[in-house]
Amino acid sequence: MVKCALRSCAKLFRGPVENLHKQRGLLQNTQKYSLMKDPVVMLGLFPEFPPEVLSSQSSCGEFLFLLDCSGSMGLPMGSQKRGRRRLECAKDVLQLLLRSLPVGCYFNVCMFGMEHKSVFPESVRYCQDTMDIAITMIQEMEANMKDTMILLPLWKIHNKPCLPAHPRQVFLLTDGGITWDSMRGTAFVKRNALSHR
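Residues numbered from 1 in each chain as written. Predicted model: local features only at pLDDT ≥ 70, side-chain atom pairs only at ≥ 80, totals over all residues. Heavy atoms only, no water.

1. Things to note about the overall build of the protein
The line we're drawing: Put simply, DSSP marks the helices as runs of H or I at least four residues long and the strands as runs of E at least two long, and each gets a number from the N terminus on. Here a residue-residue contact requires only that any non-hydrogen atoms of the pair lie within 4.5 Å.
Check the secondary structure of the protein and you find five helices and nine strands. Written out in order from the N terminus, the α and β elements of the protein read β-β-β-β-α-β-α-β-β-β-α-α-β-α. Of the contacts made within the protein by residues no fewer than 6 positions apart, 60% connect residues no fewer than 24 positions apart.

2. Comments concerning the nonpolar core
Nonpolar side chains in soluble globular proteins tend to be buried together. Put simply, the test is: Residues enter a nonpolar core if they are buried and are Ala, Val, Leu, Ile, Met, Phe, Trp, Tyr or Cys, with the set joined through side-chain atoms within 4.5 Å. Buried residues are those whose accessible area, probed at 1.4 Å on protein chains only, stays under 20% of the maximum for their type, while exposed residues exceed 50% and partly exposed ones sit between those limits.
Core analysis: the largest hydrophobic core is formed by 26 residues, its most contacted members being L98, F107 and V109. Mapped by element, the contributors of at least two residues to this core are β5 (62-68), α2 (86-99), β6 (106-112) and α3 (128-140). With residues up to four places along the chain from it excluded, the contact list for V109 reads F65, L94, L98, K117, S118, V119, I138 and M141. Membership of the second largest hydrophobic core comes to nine residues, among which are L64, C110, F112 and L154.

3. As for the side chain of T130
Mapped onto the elements, T130 comes out in helix α3. For T130, a relative accessible area of 12% corresponds to the buried category. With near-sequence residues (within four places) excluded, T130 lies in contact with F107, F120, V124 and R125.

4. Topic: unusual backbone geometry
One non-glycine residue, A165, lies in the positive phi region at around 65 degrees. Its place among the elements puts A165 in the loop between α4 (151-159) and β9 (168-173). By relative accessible area, which is 58% here, A165 ends up exposed.

5. Section: the packing of aromatic side chains
We apply this condition: In this analysis, rings of Phe, Tyr and Trp, with Trp reduced to its six-membered ring, are considered paired at centre separations within 6.5 Å, and the interplanar angle assigns stacked below 30 degrees, edge-to-face beyond 60, and tilted for intermediate values.
Applying the stated rule across the entire model yields four aromatic pairs. Judged by centre distance (6.4 Å) and plane angle (25 degrees), the ring pair of F63 and F171 falls under stacked. Of the two residues, F63 is situated in strand β5 and F171 in strand β9; the sequence distance between them amounts to 108 residues. In this structure F63 comes out as buried when scored by relative accessible area, which is 9%. A ring pair is formed by F107 and F120, whose centres lie 5.7 Å apart and whose planes are at 85 degrees; its orientation type is edge-to-face. Here F107 is found in strand β6, whereas its partner F120 is found in the loop between β7 (116-118) and β8 (124-125), with 13 residues between them in sequence. In textbook terms, an aromatic cluster arises when at least three aromatic residues are bridged by ring pairs, as seen for F63, F65 and F171.

6. What to know about α4
Residues spaced three or four apart along an α-helix face the same direction, because each turn holds 3.6 residues. Short version of the rule: Think of it as the arc spanned by the lines of direction from the helix axis to the C-beta atoms.
The set of residues buried in α4 consists of L151, P153, L154 and I157. In a view along the axis of α4, the buried residues occupy a sector of 165 degrees, so they form one face of it.

7. Describing the environment of K146
Counting through the fold element by element, K146 comes out in the loop between α3 and α4. On the basis of relative accessibility, which here comes to 61%, the residue K146 falls in the exposed class. Through-space distance from the C-alpha of K146 to that of E115 is 8.3 Å; in sequence the pair is 31 residues apart. Residues within four places of K146 in sequence aside, it is in contact with S70, G71 and M114.

8. What about the environment of R99?
With respect to the helices and strands, R99 occurs in helix α2. Since its relative accessible area comes to 48%, R99 is described here as partly exposed. The residues contacting R99, other than those within four sequence positions of it, are Y126, M131 and I135.

Keep in mind that these numbers describe shape and distance, not what the molecule does.
This is the structure we're talking about:
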């Protein structure tokens, strides 16, 4: 359907309710009535997956987040002397990721530097209560764990048995600063790439 009203044009793709999963698009001419002088296009794409892929995604997974709390994470972002600290930005990203997890999955957060500690002793089932506990602890985290030592937390994660029907995924949030054990940590991840993502 093509619709023109008040000197702006929009092209909408509509169809029956059973076709809601089909691709959609919207084209808006904004030249005279907006700060944006170029036309705007919005597309909605809905991929279709084969049944074998969908069945493999029925398990929610175990999500482990490694948050760098070393001293370098207390520095400002980029070259700004008064910018936001690296850890504050990483904490914002981590909170967004936690709030986006699927219900029924398992998760844990590990802070590391020269030492390491976890929010929970073991991964816990994701629900409002466990997310609230994790968010509260994340907000209190400081960049006070001195040097960046990543190998031991990675080793501990790898040596814990995986939860049945919950593939493990590990997310690393760091500034990429120099670590004492970066070469060994990278080699360890490569060796274990088939058992964790």
